[in-house]
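# Fold and geometry: a report
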Amino acid sequence: MALHLATHQNPKTPKHPNTHRSSFIVHRLTTLLAIESSCDDTAAAVIRDGEVLSNCVAGQAVHEQYGGVVPEVASRAHQINIVPVVDQAMRMAGVTKAELDAVAFTRGPGLMGSLIVGVSFAKALALSLDIPLLEVNHLQAHVLAHFAEQRKPEFPYLCLTVSGGHTQIMLVRHFDDMEILGATLDDAAGEAFDKSGKLLGLGYPAGPIIDKLAREGQARFTFPEPSIEGFNYSFSGLKTAILYFLQRETKANPDFIAQNLPDICASIQHTIIHILLNKLKRAARKTGIKHVALAGGVSANSGLRAAFTALGEKEGWTTYIPAFEYCTDNAGMIGITGYYQFLAGKFSTQDVAPVM
Ligand code: KG4
Ligand code: ZN
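Residues numbered from 1 in each chain as written. Chains lettered and ligands numbered in written order. Predicted model: local features only at pLDDT ≥ 70, side-chain atom pairs only at ≥ 80, totals over all residues. Heavy atoms only, no water.

Along the backbone of the protein there are ten helices and twelve strands. The C-alpha radius of gyration of the protein comes to 22 Å, within 12% of the 21 Å expected for a compact globule of 356 residues. Each principal axis of the C-alpha distribution contributes one length, and for the protein these read about 80 × 45 × 30 Å. Here the protein holds 356 residues, and 54% of them are scored as buried. (Helix = DSSP H or I, 4+ residues; strand = E, 2+ residues; numbered from the N terminus. Rg over C-alpha atoms; globule rule 2.2 N^0.38 Å. Buried < 20%, exposed > 50% of the residue type's maximum accessible area, 1.4 Å probe, protein only.)

Here the focus is the site of ligand 1. Taken together, 18 residues surround ligand 1, and among them G164, D194, D211, G297 and N301 come closest. One of the side-chain N or O atoms of D211 is found 2.9 Å from a nitrogen atom in ligand 1. Take G297: an N or O atom from its main chain is 2.9 Å from an oxygen atom of ligand 1. When ligand 1 is considered free in solution it has 550 Å² of accessible area, and contact with the protein chains removes 89% of it. Put simply, the parts of the chain that give the shell around ligand 1 at least two residues each are α4 (189–199) and α5 (207–214). (Near = heavy atom within 4 Å. Polar contact = N/O pair within 3.5 Å; in protein donor to acceptor, adjacent residues only side chain to side chain. Areas by Shrake-Rupley, 256 points an atom, 1.4 Å probe, with all protein chains shown as cover.)

This part is about the pairing of strand β11 (residues 291–295). One face of the sheet, then the other: side chains in a regular strand alternate in exactly this way. β11 sits mainly inside the fold: five of its five residues count as buried. Side chains H291, A293 and A295 project from β11 onto one buried face, and the interleaved V292 and L294 project onto a second face that is buried too. As paired elements, strand β8 (residues 157–162) and β11 share four bridges and run parallel to each other. Residue pairing across strands places C159 opposite A293, the latter belonging to β11. With three bridges joining them, β11 and strand β12 (residues 318–320) adopt parallel strand pairing. Its bridge partner lying in β12, V292 is registered against T319. (Pairing = 2+ DSSP bridges.)

Below, the discussion takes up the packing of aromatic side chains. Tallied over the full model, the rule gives 15 aromatic pairs. For the ring pair F155 and F175, a centre distance of 5.1 Å and an interplane angle of 90° mean the geometry is edge-to-face. In this pair, F155 is assigned in the loop between α3 (138–144) and β8 and F175 in the loop between β9 (167–174) and β10 (177–183), connecting sequence segments 20 residues apart. Ring centres of F308 and W317 lie 6.2 Å apart, and the angle between their planes is 50°; this geometry places the pair in the tilted category. (Phe/Tyr/Trp six-rings, centres within 6.5 Å; stacked < 30°, edge-to-face > 60°.)

This part covers the side chain of S196. With respect to the secondary-structure elements, S196 resides in helix α4. A distance of 2.5 Å separates a polar atom in the side chain of S196 from the backbone oxygen of A192.

On to helix α8 (residues 302–315), then. Relative to the 20 Å expected for 14 residues at 1.5 Å per residue, α8 spans 20 Å between its end C-alpha atoms, a close match to the ideal helical length. The complete set of buried residues in α8 reads L304, F308, L311, G312 and E315. Buried residues along α8 cover an arc of 105° about the axis, so they all sit on one side. Opposite the packed face of α8, turned more than 90 degrees from it, sit the exposed residues E313 and K314. (Expected span 1.5 Å × (residues − 1). Arc of directions from axis to C-beta.)

Next up on the list: the domain arrangement of the protein. When the domains of the protein are assigned, the result is domain 1 (4–144 + 330–344) and domain 2 (154–321). Taking only C-alpha atoms, the centre of domain 1 and the centre of domain 2 are 30 Å apart. Listed per partner, the contact involves 13 residues of domain 1 and 13 residues of domain 2. Together domain 1 and domain 2 conceal approximately 1,200 Å² of surface at their shared face, both sides included; 71% is due to carbon and sulfur atoms. Along the contact surface separating domain 1 from domain 2 lie zero salt bridges. Tallying contributions element by element places α3 first for the side of domain 1 that touches domain 2, with six residues. (Domains from an automatic or database assignment. Contact = heavy atoms within 4.5 Å. Buried area = accessible area lost by both parts, 1.4 Å probe. Salt bridge = Lys/Arg side-chain N within 4 Å of Asp/Glu carboxyl O.)

Another point: the sheet that holds strand β7 (residues 133–137). Taking strand neighbours across the sheet as the criterion, the five strands line up as β5-β4-β3-β6-β7 in an open arrangement whose pairing is mixed. Looking along the sheet, the strands with just one partner apiece sit at the ends: β5 (51–58) and β7. Each adjacent strand pair in this sheet contributes to an overall mean axis angle of 20°, direction not counted. Where strand β4 (residues 42–48) and β5 come together, seven bridges link them in antiparallel fashion. Residue pairing in the sheet places I47 in a bridge with V52 of β5. (Axes fitted to C-alpha atoms, helices over the stretch in contact; angles between N-to-C directions.)

Within the protein, the zinc ion (ligand 2) binds to H138 (NE2), H142 (NE2) and D329 (OD); these donor distances fall in the range 2.1 Å. Of note is the zinc ion (ligand 2), whose four donor atoms meet at the metal with angles of 84 to 133° in an arrangement that counts as irregular. We note that the donor set of the zinc ion (ligand 2) lies within a single chain, spaced as H-x3-H-x186-D. Here D329 lies in the loop between α9 (324–327) and α10 (332–344) and H142 lies in helix α3, a separation of 187 residues in the sequence. Residues H142 and D329 agree in their burial class; the two are buried. (Donors = N, O, S within 2.8 Å, 3.2 Å for Na, K, Ca; no water. Tetrahedral: all angles 85-135°; square planar, octahedral: opposite > 155°, others 65-115°.)

Structure representation (structure tokens):
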């Protein structure tokens, strides 16, 4: 086991079997297990000194048939998946339970039933191993997922988090110093993709399907964009506009959707991207911040990535988009966030409960 010299050790660091003290402070590398169960992905990761050794996810395809995540079904699937996923993450990292220094977990926000499974598992494991707990905010973790990469963002940076549950622009001054500049007032960007896809008769989640179809189409249909003050977003009006547009067109031509699907998808995608990036650009100009990042499942969208990169070049930004495995819900980002909390000595007690 590698050892390294630390210039300091946080006095609040709890005593546990893996900590060695001598006349000068020596400790082993910090090894964390991280658990994420806020929505429909059961995820576990092992992080050693800020480096992700393994990052495992068990998805829940069971929700596809319902066209969206069913909370009760998600909780039950987490209960089934959590032990095998943790085992897999430990095996892939080549780490034993005795080597763990702490357990990081998503405390919220998310679906209550889903969170309870991950939180209870983390508490039980930490208790049995006599190691500390690190509670992590899911949204902060998306924003810090960039630190799982070799190329890490410079502080301060702006992060646009776009997923099925969230859309927000965060100003990140430091690991534990963040401010939400704007967020969606209703639907998230991922929901805008998924609900539009539902209207078009596409499968769930529709985001990746719309992305693929949009590559073959032209954005020749226009939809009204919301005018919301500040850096907040709204996507519910777009969904209604798309519904009325499709009702009108299919009344005149019942085959309208089948005959124009790639163009419709390109138009919807173009509108969502324009709404997202317009606010981000304004936030960057207002704050003068030139380091700008994307996070969340929707940042997998090829059109968004290309438009974000192009905008960054035009505005003189240094841009960051994490690898796909760190964009969607994952435990790697929970472990990375937990690692910085470990260094700061921010531990949770056994009476911690999930927060929606
Ligand atoms: O971050 P994520 O995995 O889970 C949440 O926290 O919600 O994001 C899932 C969302 C879904 O709405 C899905 O449709 C969307 O990300 N998504 C995409 C793409 N890949 C995933 N949306 C547009 N284009 C994509 N390529
Ligand atoms: Zn998420």
